[in-house]
Amino acid sequence: MSLHLVYGGTFDPIHCGHLAIARAARDRLDCTVRLMPAGDPPHRAPPGADAAARATMVALAIAGEPGLALDRRELERSGRSYTVDTLAELRRELGAGQPLAWLVGADSLLGLPGWHRWQELLTLAHLVVADRPASALDDGALPAGLAVAVQGRWTDAATLRTLPAGRLLRLHQPLHPASATALRARIARGEPTDGWLLPPVAAFIEEKGLYRPMPAAPL
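Residues numbered from 1 in each chain as written. Predicted model: local features only at pLDDT ≥ 70, side-chain atom pairs only at ≥ 80, totals over all residues. Heavy atoms only, no water.

Residue-level account of the overall build of the protein, with values.
In terms of helices and strands, the protein carries eleven helices and six strands. What you see for the protein is a C-alpha radius of gyration of 18 Å, in line with the 17 Å of a compact globule of 219 residues. A total of 219 residues make up the protein; the buried ones form 45% of that total. In the protein, 73% of the contacts between residues at least 6 apart in sequence involve partners at least 24 apart. If you sum the accessible surface of the protein, you get close to 10600 Å²; carbon and sulfur atoms cover 54% of it. Between the mean site of the 23 positive side-chain charges and the mean site of the 22 negative ones, the protein shows a separation of 2 Å. (Helix = DSSP H or I, 4+ residues; strand = E, 2+ residues; numbered from the N terminus. Rg over C-alpha atoms; globule rule 2.2 N^0.38 Å. Buried < 20%, exposed > 50% of the residue type's maximum accessible area, 1.4 Å probe, protein only. Contact = heavy atoms within 4.5 Å. Areas by Shrake-Rupley, 256 points an atom, 1.4 Å probe, with all protein chains shown as cover. Lys, Arg positive; Asp, Glu negative; His and termini not counted. Charge placed at Lys NZ, Arg CZ, Asp CG, Glu CD.)

Spelled out as structure tokens, the structure:
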């Protein structure tokens, strides 16, 4: 049975590091990766670009890229958007037996106990964790509650595709130095972005004046 894999995030802006993770997941799991920009993320500060602009940048970044697709559902939902609600909606659409997975970074996994109704996530979907060498997953430094929740749930790609939810997979991907926070700071200072952005995304940011400091109000 095919795996329905969703890569959620603010993508503020989407950069080559995000794309490296998406491609690694696509190739490892042999499935389409659906990139889903967050509309109003409850567990992070408000994004630097609005949801429509971030979705446009994702579309520009993945245009012509096999196995990557844009999912706008969180942008179209009114009110605050929680991952658990998105997964519940997907589960209703896909049915009880369809394998469903949510792709997160290792840092996001460590912060999972701060997410809304986080204990329900693994009842709805698998978690694919984009890992880096020497991460906290290697030394077992998980928060106590999270360590208990994930104990015995780590698995391989083949098993992930046979079950609807409830397992975790470590996804090792090439290291990429790109950081959305560092990118926003560089753009605000007018500094080069070192090839961290695809040209169409860089051109869109320049055209719309995104991430630039607001001009001072006249006295």
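Having seen the model, we can carry on.
Can you break down the side chain of Arg91 residue by residue, with the values?
Summarising the element assignment, Arg91 is placed in helix α4 (residues 83-94). Only 2.7 Å separates the side chain of Arg91 from the backbone oxygen of Gln98, close enough to count as a polar contact. Discounting chain neighbours no more than four positions away, the residues touching Arg91 are Ala96, Gly97, Gln98, Leu100, Leu124, Pro164 and Ala165. (Polar contact = N/O pair within 3.5 Å; in protein donor to acceptor, adjacent residues only side chain to side chain.)

I'd like to hear about the environment of Leu110, residue by residue, with values.
Mapping Leu110 onto the fold places it in helix α5 (residues 106-110). Sequence-wise, Leu110 and Leu137 are 27 residues apart; in three dimensions their C-alpha atoms are separated by 8.8 Å.

I'd like a rundown of the packing of aromatic side chains, residues and numbers included.
Overall, the coordinates contain one aromatic pair when judged by the stated rule. Ring geometry for Tyr7 versus Phe11: centroids 5.2 Å apart, planes at 85 degrees, classification edge-to-face. Accessibility expressed as a relative area gives 6% for Tyr7, which makes it buried. (Phe/Tyr/Trp six-rings, centres within 6.5 Å; stacked < 30°, edge-to-face > 60°.)

Account for the side chain of Asp12, naming residues and giving values.
In this structure, Asp12 sits in the loop between β1 (4-9) and α1 (16-29). Reaching out from Asp12, the side chain makes a polar contact with the backbone nitrogen of Ala49 at a distance of 3.2 Å. Among the polar contacts listed, one links the side chain of Asp12 to the side chain of Tyr211, at a separation of 2.7 Å.

Shape is all these values report; function is a separate question.
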